[in-house]
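Listed below are the residues making up each chain.
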Amino acid sequence: MSKREELENNFTKAVSEKVIPDGFIKVTDNPVDGLNSEQKVILNRKANAMFNAGNIEDARRIFITTGYSDGLTRVGNYYMNNKESLKALKAYYLAHNKRDSEPIYETIATVISSLLQKEI
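As the structure is a prediction and not an experimental result, all values here were calculated from the model.

Peer 1: Please provide a residue-by-residue account of the overall build of the protein, values included.
Peer 2: If you tally the helices and strands in the protein, you get six helices and zero strands. The helix and strand sequence of the protein, counted from the amino end, reads α-α-α-α-α-α.

Pasting the structure below:
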């Protein structure tokens, strides 16, 4: 089996299992240690205000830092509404939001499958 076939098989398997392969999307899954609950609340309120004011990127960074899944889901929804599905997938993945990420996995799998069929 060639290296390319091996990579394609691994990717197809990962997509079918709804697992993001290492290196596909750079993520961090752990909020910053050392923040207490009060600090997280303050940061999340600031990020919510930023999000509502349209400063999505800064809000996203804070939500990742605090591990705030509801905020990350809203960021993902924003990206989906703006047709940026890979950015949405990253936000949903970090939010552990399987309900919203699974349709994106299915779309990716369909696209890759159709590309592979065209090569055959």
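Peer 1: Any chance you could break down the pattern of salt bridges for me, citing the residues and the numbers?
Peer 2: Across all of its chains, the model carries four salt bridges by this definition. The partner of Asp58 in a salt bridge is Arg61, and the shortest N-O contact between them spans 2.4 Å. Here Arg61 and Asp58 lie together in helix α3 (residues 56-66), a separation of three residues that amounts to about one turn. Overall, Asp58 belongs to the partly exposed group, its relative accessible area being 28%. Notably, a salt bridge pairs Lys87 with Glu84, separated by 3.2 Å at the nearest N-O pair.

Peer 1: A description of the packing of aromatic side chains should follow, citing residues and the corresponding values.
Peer 2: Pairs of aromatic rings are described using the distance from one ring centre to the other and the angle between the two planes. Across all of its chains, the model carries three aromatic pairs by this definition. Taking 5.5 Å as the distance between ring centres and 50 degrees as the angle between the ring planes, the aromatic pair formed by Phe63 and Tyr68 counts as tilted. For the pair Tyr78 and Tyr79, a centre-to-centre distance of 5.8 Å together with 65 degrees between the ring planes defines the contact as edge-to-face. Classification of Tyr78 by relative accessible area gives partly exposed; the value is 33%. Three or more aromatic residues link up through ring pairs in this structure, and these residues are Phe51, Tyr78 and Tyr79. Seen from the ring of Phe51, Arg74 lies directly overhead, with NZ or CZ sitting 5.0 Å from the centre.

Peer 1: Summarise the packing of helix α2 (residues 37-52) against helix α4 (residues 69-81); cite the residues concerned and give the values.
Peer 2: Helix packing geometry: the angle between the two helix axes and the distance between the axes. Close contact between α2 and α4 brings their axes to 11 Å; oriented N to C, the two are set at 15 degrees. The angle between the axes of α2 and α4 places the two elements in the roughly parallel class. Crossing of α2 over α4 shows left-handed handedness. Side by side, α2 and α4 meet where Asn48, Phe51 and Asn52 of the first sit next to Arg74, Val75 and Tyr78 of the second. Taken together, the residues of the contact of α2 with α4 break down into three nonpolar, two polar and one charged.

Peer 1: Residues and numbers for the environment of Ala49, please.
Peer 2: Mapped onto the fold, Ala49 is located in helix α2. Ala49 sits in the partly exposed class, given a relative accessible area of 46%.

Peer 1: Mind laying out the packing of α4 against helix α5 (residues 85-94), listing which residues take part and the relevant values?
Peer 2: Packing of α4 against α5 brings their axes to within 8 Å, and their N-to-C directions diverge by 165 degrees. The orientation of α4 with respect to α5, classified from their angle, is roughly antiparallel. Of the two elements, α4 crosses α5, and the hand of that crossing is left-handed. Taken together, the residues of α5 that come into contact with α4 (itself represented by Leu72, Thr73, Val75, Gly76, Asn77, Tyr79 and Met80) are Ser85, Lys87, Ala88, Ala91, Tyr92 and Leu94. Each residue belonging to the contact of α4 with α5 can be placed in one class, and the counts come to eight nonpolar, four polar and one charged.

Criteria and thresholds
Counting restarts for each chain, with residues numbered from 1 along the sequence as it is written. Since the coordinates come from a predicted model, pLDDT governs what is reported: local features require at least 70, and pairs of side-chain atoms require 80 or more to be given and counted, while whole-chain, interface and lining totals use all residues. The side-chain figures draw on all heavy atoms in the structure; neither hydrogens nor water molecules are used. Secondary structure elements are defined from DSSP: runs of H or I of at least 4 residues count as helices, runs of E of at least 2 residues count as strands, and each element is numbered from the N terminus. Between Lys or Arg on one side and Asp or Glu on the other, a salt bridge is scored when a side-chain nitrogen of the former is within 4 Å of a carboxyl oxygen of the latter. The cut-offs for exposure are 20% and 50% of the maximum accessible area for each residue type, with area from a 1.4 Å probe on protein chains only; residues under the lower value are buried, those over the upper are exposed, and the others partly exposed. The aromatic pairing rule takes the rings of Phe, Tyr and Trp, using the six-membered ring of Trp, and pairs them if the centres are within 6.5 Å, calling planes under 30 degrees apart stacked, those over 60 edge-to-face and the rest tilted. Only Lys NZ and Arg CZ are tested; either one counts as a charge over a ring when it is within 6 Å of the ring centre and within 35 degrees of the ring normal. Only the stretch in contact is used when fitting a helix axis, every axis being a line fitted to C-alpha atoms; angles between N-to-C directions are given from 0 to 180 degrees. Angle categories are assigned with fixed cut-offs, so that under 35 degrees is roughly parallel, over 145 is roughly antiparallel, 65 to 115 is roughly perpendicular, and the rest are oblique. What makes a crossing left-handed is the near helix being turned counterclockwise from the far one by less than a right angle; a clockwise turn instead makes it right-handed. We call two residues in contact whenever any of their non-hydrogen atoms come within 4.5 Å of each other. Three residue categories are used. Nonpolar comprises Ala, Val, Leu, Ile, Met, Phe, Trp, Tyr, Cys and Pro, charged comprises Asp, Glu, Lys and Arg, and polar comprises the others, including Gly.

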